[in-house]
Every structure is written in structure tokens, then in C-alpha cells.
Amino acid sequence: MNALQDKVCLITGGAGSLGRAIAKLFAGEGAKLVLSDLDESALATARDEIGSERTVAVAGDVTRAQDAERMVDTALAAFGRLDVVVSNAGNFGTVAPIGEYPEEVFDAVYRVHVKGAFLLIRAAVPKMADGGSIVIMSSVAGTRGDPGVYGYITAKHAQVGLMRCLAKELAPRRIRVNTLHPGPVANSFQGAVEADLSGVIGRDGTEFFNEIIPLGRHAEPGEIARSALYLASDQSSFTTGTMLMVDGGMSA
Ligand SMILES: NC(=O)c1ccc[n+]([C@@H]2O[C@H](COP(=O)([O-])OP(=O)(O)OC[C@H]3O[C@@H](n4cnc5c(N)ncnc54)[C@H](O)[C@@H]3O)[C@@H](O)[C@H]2O)c1
């Protein structure tokens, strides 16, 4: 279990469901971790849960350039290098018809997923080790449209554009850049989305998703974490500029 032996990995949204699952798996594979999140107390709990003396926590907001710099500098100060960045922090916004979709919600969602990923990676790249890996957590929502999901779906598509530019620019340094596209996950983030959706479509949102996922169920966080491990580690050494779907066939 050493796919990331001594690799220094920075994970944003590290206090959340997928961030924690990824952190636990990476720690078990020998990684040194820098976990970051907006939610300071959940972040402390996540660090304690992982229970590794090789885990450092740094609170911060990915939409603020100085916070992004501090996350990267924490990795350098604690471990002397940075090999892997997982840009995973996210919010959902709301579901509303185009004429009613609030501008401030659109801005808030775009700011976290798109500007946040940009600022984090802009801070990280000059200080990253050559041969490293950047994983941007997009979604099956980055590959399809659905009525009313204007902030989230637009932002998840935009992350693919960012990834593609980076993959080409960073290839000479052998830094690989890919997006990961989970389908609906059995966690509270998706639970809240489905509660909202149930009101809009007038039927159970969870059942609705299970019907349109060919494998007929939601993912477990650990299944998404294993795909993040593939992209972060040398197991994907010839994979860059690609979109890895982990969606039970939903985008097929
Ligand atoms: N849950 C799903 O079904 C699903 C499916 C596809 C993609 N995703 C994506 O996976 C990522 C993680 O989602 P999750 O399911 O673990 O949700 P989550 O809500 O459990 O975790 C998201 C974390 O991001 C943090 N965060 C939000 N805004 C931030 C900011 N400005 N700066 C720093 N941290 C911030 C939150 O505090 C939270 O801990 C998100 O990008 C989400 O869009 C989730």
C-alpha cells in the first residue's frame, strides 16, 4: 500500500465527505497530507480522524488568493515539497428556472469551483515538484445539462476548460492534470441536492437519480477516492488532459 509513498498531497474541501475519503485513502498509501477547508472545526475533526502525524490542517477559503497561497506554503513549510493537488472544495447553489436564478448564487458557485480551482492551482504550480499530478473534482454535471442547475453545471463544465489548458502548459514539466467526474454520491451534499430537486420535479429525487444511473445506485465516497488515487499516483503516468467518468454509466 504505497502508491503515494512520501508524496505531499494538498486536498481542498478536506473536511467534506469526498475530501475525507480521499485523505484517508491517500494516507493509507503513504502520502503526507495537507488538508484545507473553510470549515475550521470540521477540518480539525477530519485531521483527528485520519490520525496521522503526517497530516497538517490549514483553514482557508479557496476563493481568496492569499488563502490559496497559504495552503501551498503550509505544504512547503511542513514537508518541504508539493507533489499532488486535489482541487475538491465545492458548493451547490440552487435549482431555479433561468428567469429566476439568482445572480448572487451563480456568482457564489462559480467563485468556488472555477475561480477557487484557478487560484489554488496558480499558487501551487510554481512550487510543485515536476512529475506531480493535479486532480480537479468536476462531476457528471460537467458533461450534461439539466434544467435549472445554472451555477453548478456551468461551473463544472468550466473546470474542464481550465484542466485542458493546464494539461498542455504543464506537460513539459510532466505535471499531469485531469478532471474527475463522479456521479451522484450517497452523502449529505447530494442528499441536499435531491431534497431540492424533489420539490422541483414533484417526486423523490434520490429515486429519480437511481433510475437514470445505469448501475442503479449512488456511489460510495470510497469509490470516488479510488479514482482520485489512480489520477494522483503514477498508476496513471500517461494520462493527462482527460475526463475520468466515475458515474455508474450516467453519462454514457
Ligand atoms: N456528492 C456528490 O454527489 C458529488 C458528485 C459529483 C461531484 N461532487 C463534487 O465533489 C466535491 C466534494 O463534494 P462533497 O460531496 O464531498 O461535498 P461536501 O459538502 O461534503 O464537501 C465540500 C467541502 O468543500 C468545502 N468548501 C466549500 N466552499 C469552500 C471554500 N470557498 N473554500 C474552501 N472550502 C470550501 C466545504 O466546507 C465542504 O467541507 C465538490 O466539488 C462537489 O461538487 C460531489
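### What about the environment of Leu-119?
Now for step 1: With respect to the helices and strands, the residue Leu-119 is situated in helix H4 (residues 103–124).
Now for step 2: Judged by local crowding, Leu-119 falls into the buried class, with 22 C-beta atoms found within 10 Å.
Now for step 3: The spatial distance from the C-alpha of Leu-119 to the C-alpha of Arg-54 is 25 Å, given a sequence separation of 65 residues.
Now for step 4: Every residue in contact with Leu-119, bar those within four places of it in the chain, is listed here: Val-62, Ala-65 and Ala-68.

### Overview of helix H2 (residues 40–50)
Each turn of an α-helix holds 3.6 residues, which means side chains three or four residues apart point in the same direction.
Now for step 1: Among all positions of H2, only Leu-43, Ala-46 and Arg-47 are buried. Projected onto a plane normal to the axis of H2, the buried residues spread over an arc of 100° and lie on a single side. Seen from the buried face of H2, the exposed residues on the opposite side, beyond 90 degrees, are Ser-41 and Asp-48.
Now for step 2: In this structure, the buried residues of H2 make contact with helix H1 (17–28), strand S2 (32–37) and strand S3 (55–59).
Now for step 3: Once H2 ends, the next one or two residues include Gly-51, with phi positive near 60°.

### Some remarks on unusual backbone geometry
Now for step 1: Positioned with a positive phi, Asp-6 is a non-glycine residue whose angle comes to about 65°.
Now for step 2: Within the secondary structure layout, Asp-6 lies in the segment before strand S1 (8–12).
Now for step 3: One non-glycine residue, Arg-174, lies in positive phi territory at about 60°.
Now for step 4: Relative to the helices and strands, Arg-174 is located in the loop between helix H5 (150–170) and strand S6 (176–182).

### A short note on the pairing of S1
Now for step 1: Counting buried residues along S1, 5 of its 5 residues qualify, which places the element largely inside the surrounding structure.
Now for step 2: Burial of S1 is two-sided: the residues Val-8, Leu-10 and Thr-12 facing one way and the residues Cys-9 and Ile-11 facing the other way are all buried.
Now for step 3: Relative to S2, S1 runs parallel, the two being bridged by 5 bridges. By the bridge assignment, Val-8 is partnered in S2 with Lys-32.
Now for step 4: Chirality of the crossover, the property in question, places the unit of S1, H1 and S2 among those that are right-handed.

### Some points on the sheet that holds strand S5 (residues 133–137)
Now for step 1: Taken together, 7 strands build an open sheet; the order of strands is S3-S2-S1-S4-S5-S6-S7 and the sheet is parallel. Of all strands in the sheet, those bounded by a partner on one side alone are S3 and strand S7 (243–246). With strand direction ignored, the average angle separating the axes of adjacent strands in the sheet is 20°.
Now for step 2: Here 5 bridges tie S2 to S3, and the two strands are oriented parallel to one another. Bridging across to S3, Val-34 finds its partner in Val-56.
Now for step 3: Strands S2 and S3 of the sheet are contacted by H2, whose axis makes an angle of about 175° with S3.
Now for step 4: In the packing of H5 onto the sheet, contacts are made with S5, S6 and S7, and the angle to S6 comes to roughly 155°.

About the cut-offs
Residues numbered from 1 in each chain as written. Predicted model: local features only at pLDDT ≥ 70, side-chain atom pairs only at ≥ 80, totals over all residues. Helix = DSSP H or I, 4+ residues; strand = E, 2+ residues; numbered from the N terminus. Buried ≥ 20, exposed ≤ 12 C-beta atoms within 10 Å, placed from the backbone. Contact = placed C-beta atoms within 7 Å. Arc of directions from axis to C-beta. Pairing = 2+ DSSP bridges. Right-handed = clockwise from strand over helix to strand, strands pointing away. Axes fitted to C-alpha atoms, helices over the stretch in contact; angles between N-to-C directions.

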